[in-house]
Amino acid sequence: MKSKEPSGWKEFLVLRAKTVHERAKLMAASGERSRLDLSPAHVLELLERYPVLYREAWVTPSNTASRFACDGFDVGGGWFRIVDALSAKLARDKALHVVQLKEKYGRLTVYFERDEGVPVDRRLDAMLDVALDKAGDRSTRTCEVCGGRGTREKRGHTVCVRCVSCLQIEEMVDACRRIAECTKGLDSAAFSANENSQDAVRLAMLHIGHASFERSPKSRARLPGIDWASLDRLQDTAGIMRISAKEIWKFVREDAPELERKLR
Ligand SMILES: [Zn+2]
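Reading the values: the criteria
- Sequence order sets the numbering: in each chain, residues are counted from 1 along the sequence as written.
- Predicted model: local features are reported for residues with pLDDT of at least 70 only, side-chain atom pairs are reported and counted for 80 or more only, and whole-chain, interface and lining totals are derived from all residues.
- We count a stretch as a helix when DSSP gives it H or I for four or more residues in a row; a strand needs E for two or more, and each element gets its number in order from the N terminus.
- How far each domain reaches was decided by an automatic or database domain assignment.
- A pair of strands is labelled paired if DSSP reports no fewer than 2 bridges between them.
- Between the buried cut of 20 or more and the exposed cut of 12 or fewer other C-beta atoms within 10 Å of a residue's own C-beta lies the partly exposed class, and all C-beta atoms are placed from the backbone.
- Relevant arc is that of directions from the helix axis to the C-beta atoms, nothing else.
- Throughout, a residue-residue contact means that the two C-beta atoms, derived from backbone geometry, are no farther apart than 7 Å.
- Between N-to-C directions, angles cover 0 to 180 degrees, with each direction set by a line fitted to C-alpha atoms, over the stretch in contact for helices.
- Geometric relationships in this document are graded by angle, where less than 35 degrees denotes roughly parallel, more than 145 denotes roughly antiparallel, 65 to 115 denotes roughly perpendicular, and other angles denote oblique.
- The sense of a crossing depends on the near helix, which, turned anticlockwise from the far helix by less than a right angle, makes the crossing left-handed and, turned clockwise, makes it right-handed.
- When residue character is reported, Ala, Val, Leu, Ile, Met, Phe, Trp, Tyr, Cys and Pro are called nonpolar, Asp, Glu, Lys and Arg charged, and the others, Gly included, polar.

Q: Describe the overall build of the chain, with residues and values.
A: From N to C terminus, the chain includes 13 helices and five strands. Here the C-alpha coordinates of the chain stretch approximately 75 × 35 × 30 Å along the principal axes.

Q: Which residues make up the domain arrangement of the chain, and what values do they have?
A: One can read the domain layout of the chain as domain 1 (8-151) and domain 2 (163-263). Centre-to-centre separation of domain 1 and domain 2, based on C-alpha positions: 35 Å.

Q: Quick one: what's the story with the pairing of strand β5 (residues 158-162), residue by residue and with numbers?
A: Sheet topology places strand β4 (residues 151-155) next to β5; five bridges connect them, and they run antiparallel. Its bridge partner being in β5, Arg152 is matched across the sheet by Val161. Linking β4 back to β5 in an antiparallel pair, the connection comprises two residues, with Gly156 at a positive phi of about 65°.

Q: Give a description of the sheet that holds strand β3 (residues 107-114) that names residues and reports values.
A: Strand order in the open sheet made by the three strands is β1-β2-β3, with mixed pairing throughout. The open sheet has two edge strands, β1 (73-74) and β3, and neither has a second partner. One ladder, built from eight bridges, connects strand β2 (residues 96-104) with β3; its direction is antiparallel. Bridging across to β3, His97 finds its partner in Glu113.

Q: Requested: an account of helix α5 (residues 80-90), with residues and values cited.
A: Among all positions in α5, only Ile82, Val83, Leu86, Ser87 and Leu90 are buried. Relative to the axis of α5, the buried residues are bounded by an arc of 130° and lie together on one face. Its buried side turned inward, α5 meets α3 (40-49), β1, β2, β3 and α6 (122-139).

Q: I'd like to hear about the environment of Tyr105, residue by residue, with values.
A: Structurally, the position occupied by Tyr105 is in the loop between β2 and β3. Classification of Tyr105 as exposed rests on a count of 12 C-beta atoms within 10 Å.

Q: I'd like a description of the packing of helix α2 (residues 20-30) against α3, backed by residues and values.
A: For the pair α2 and α3, interaxial distance at closest approach is 8 Å and the crossing angle is 140°. The orientation of α2 with respect to α3, classified from their angle, is oblique. The crossing of α2 and α3 is left-handed. On α3, the residues touching His21, Ala24, Met27 and Ala28 of α2 are Pro40, Ala41, Val43, Leu44 and Leu47. The class makeup of the residues in the contact of α2 with α3 is eight nonpolar, one polar and no charged.

Q: Break down the packing of α3 against α5 for me, citing the residues and quoting the values.
A: Where α3 meets α5, the closest approach of the two axes is 11 Å, and the angle between their N-to-C directions is 5°. With respect to each other, α3 and α5 are oriented roughly parallel. Side by side, α3 and α5 meet where His42, Leu46 and Arg49 of the first sit next to Phe80, Val83, Asp84 and Ser87 of the second. Taken together, the residues of the contact of α3 with α5 sort by class into three nonpolar, two polar and two charged.

Q: A description of α2 should follow, citing residues and the corresponding values.
A: A turn of α-helix holds 3.6 residues, and therefore any two residues three or four places apart point the same way. Burial in α2 covers these residues: Val20, Arg23, Ala24 and Met27. Along the axis of α2, the buried residues cluster in a sector spanning 100°; they form a single face. Note on α2: the residue one or two positions beyond its end, Gly31, has a positive phi of about 80°.

Structure follows, in C-alpha cells:
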C-alpha cells in the first residue's frame, strides 16, 4: 500500500486547473488538509521565499509536462525543514527551477531544469550536488509525517520513512480499512450470522487497541479529538471476546470509519 494516496480534493483542484499557489491558498482558507501532506501554510511559505525556484507553482496544471505544476510539493510535513534548507541553497542558482519534488522509495527526490544559455558556475553546481545528497540522506532518517527520528520501513510495495508513533497510526488506519473490507456487502443480520467476519473485526479491534496503548501522551496530543481511553480498552482480549455481535456492528458502521477519518 502506498501510504501517501492522493486525496480526492487534491485531484479535484488539479482537474479544476488550479495552480499549486492557488490550491495552497484555497486549502489554507478552507482548513482542508491531510496529516500526510505538507501544510498549505508551509507551501505558501516556500513559494514566498523561493518564487524563482518554484516558478511552476504559478503554471496551470493542464501543462502535463510539468509534474510540479500537477503535484506541487509531493512530500509530508515532516520534511518541511529539509525542503526549506535545500531550497535556500538551490535558490542561489537563479537559472534553476524545480520540475518535480517528491518522496521516492523513502527519500526526498528533486528534479530540476536549468535555463538555456546561462553559463554554469562549476563551484556552485558542485555545492548544490552535495546539498541534494545531504538533504536526501537526512530525509531517510526523518519521519515524513512528524519530522521526528524515523527509519525506512517497507510497507507493501513501497518504502516510507516513519517514526514508531506515526507507524502505529498507519497500522490503525490499516486495521480500519480491513474492517471495512471484511464487512463489505454485509448488513447487520448477515454480519450477526457470520462468525468469521465477526472474528476478523475482533482481531482488527485488538490491533487498534494495542497500537493505541503504545502511543505516548505527546503523540496522542498531536491528534486531539480521538478518545484514546476507549481505544486503549480494545487491547483487552477477554473484553473483546465478550462484545456482542451487535456492538461490533456498531463499531464497524460508526466508530471505525470515524476513527479512520480522524487519523488521516
Ligand atoms: Zn512521526
